Amino acid sequence: MDGSDFIVPPPGLVPGEPPAAPERASKPVERTLPSFAPGRSGPPPLRPTPGGPVVQAPPPIDPAFEVTGERVRWRLAAAGGADAVVTGPSVLGRAPRIEDAEGASAAVPIDDPSRTVSKTHALAVPAGAALAITDLHSTNGVRIERPGAEPEELAPGGTGLVGDGEVLVLGRLRLLVARLPSPNV
């Protein structure tokens, strides 16, 4: 192997003795587990939805709902007469599926002849005196229009609050939002 035409491989290409491991200090490492207090503060964590993008969970339902037991209902009415009623966390769209939004308990189909509403467009959650709307990465977006204010465009995955008498726009479909009185039980 001492011929002039022999090529010497670069260091580390041919297996040899493994390099010596660097010496470590023998100082013990303290390990502690995090502790969590009951309840949760701050915004809810981001969670992936099956077969879709990460969507942030909507704000929690108003605590007064749990104390009074009042069932808040919301009506979404289109100009053409089509409407929908939201009584709990609901997925809105042309062909909504509960599985497409974390925390949804109902699917509310929205009739949209112009087809600008996505199959799974938004998540609506009653939140006290308002309806929390989360854009589920829809194709044509979600907008909230309030009297005397600039329209609020929600970012994909973003959440906004829409109140009684305000307008929710899914794609190009305008829906008047109205809080309905609680049914007598």
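Let me begin by describing the structure that accompanies this report. All values derive from a computational prediction rather than experimental measurement. (Residues numbered from 1 in each chain as written. Predicted model: local features only at pLDDT ≥ 70, side-chain atom pairs only at ≥ 80, totals over all residues. Heavy atoms only, no water.)

## Details of the nonpolar core
- Residues Leu-92, Leu-131, Ile-133, Leu-168 and Leu-170 are the most contacted members of the largest nonpolar core, which totals 23 residues.
- Residue assignment for this core shows that the elements contributing at least two residues are β3 (73-78), β4 (83-86), β7 (122-127), β8 (130-135), β9 (142-145), β12 (167-170) and β13 (173-180).
- Discounting chain neighbours no more than four positions away, the residues touching Leu-170 are Leu-92, Thr-116, Val-117, His-121, Ala-122, Gly-141, Val-142 and Leu-175.
- Counting eight residues, the second largest nonpolar core, distinct from the first, contains Ala-104, Leu-123, Val-125 and Ala-132. (Core = buried A, V, L, I, M, F, W, Y, C linked by side-chain atoms within 4.5 Å. Buried < 20%, exposed > 50% of the residue type's maximum accessible area, 1.4 Å probe, protein only. Helix = DSSP H or I, 4+ residues; strand = E, 2+ residues; numbered from the N terminus. Contact = heavy atoms within 4.5 Å.)

## A look at the pattern of salt bridges
- As enumerated under the stated definition, the model contains eight salt bridges in all.
- Among the ionic pairs, Glu-152 bridges to Arg-146, the shortest N-O distance being 3.0 Å.
- Given the relative accessible area of 24%, Arg-146 is considered partly exposed.
- Here the salt bridges do not stand alone but share partners, grouping Arg-143, Glu-145, Glu-153 and Arg-174 into one network. (Salt bridge = Lys/Arg side-chain N within 4 Å of Asp/Glu carboxyl O.)

## Focus on unusual backbone geometry
- Unusually for a residue other than glycine, Arg-115 sits at a positive phi of about 60 degrees.
- Relative to the helices and strands, Arg-115 is located in the loop between β6 (106-109) and β7.

## Focus on the sheet that holds β6
- Spatially, five strands are ordered β6-β5-β7-β8-β11 in an open sheet, and the strand pairing comes out mixed. Two strands lie at the open edges of the sheet, namely β6 and β11 (159-163), each paired on one side alone. Within this sheet the neighbouring strands show an average axis-to-axis angle of 30 degrees, counted without direction.
- Where strand β5 (residues 90-93) and β6 come together, four bridges link them in parallel fashion. In the strand pairing of β6, Leu-92 is matched with Val-108. (Pairing = 2+ DSSP bridges. Axes fitted to C-alpha atoms, helices over the stretch in contact; angles between N-to-C directions.)

## A word on the side chain of Glu-145
- Position of Glu-145 among the secondary structure elements: in strand β9.
- Residue Glu-145 is classed as buried on the basis of its relative accessible area, which comes to 18%.
- Side chain to side chain, Glu-145 and Arg-143 meet in a polar contact 3.0 Å long.
- Setting aside chain neighbours within four positions, we find Glu-145 in contact with Pro-151, Glu-166, Val-167, Val-169 and Arg-174. (Polar contact = N/O pair within 3.5 Å; in protein donor to acceptor, adjacent residues only side chain to side chain.)

## So, the pairing of β3
- Pairing of β3 with β13, which is carried by six bridges, proceeds in the antiparallel orientation. The residue bridging Ala-78 from the neighbouring strand is Leu-175, located in β13.
- The pairing of β3 with β4 spans four bridges and is antiparallel. Paired with Arg-75 across the strands is Val-85, a residue of β4.
- Linking β3 back to β4 in an antiparallel pair, the connection comprises four residues, with Gly-81 at a positive phi of about 100 degrees.

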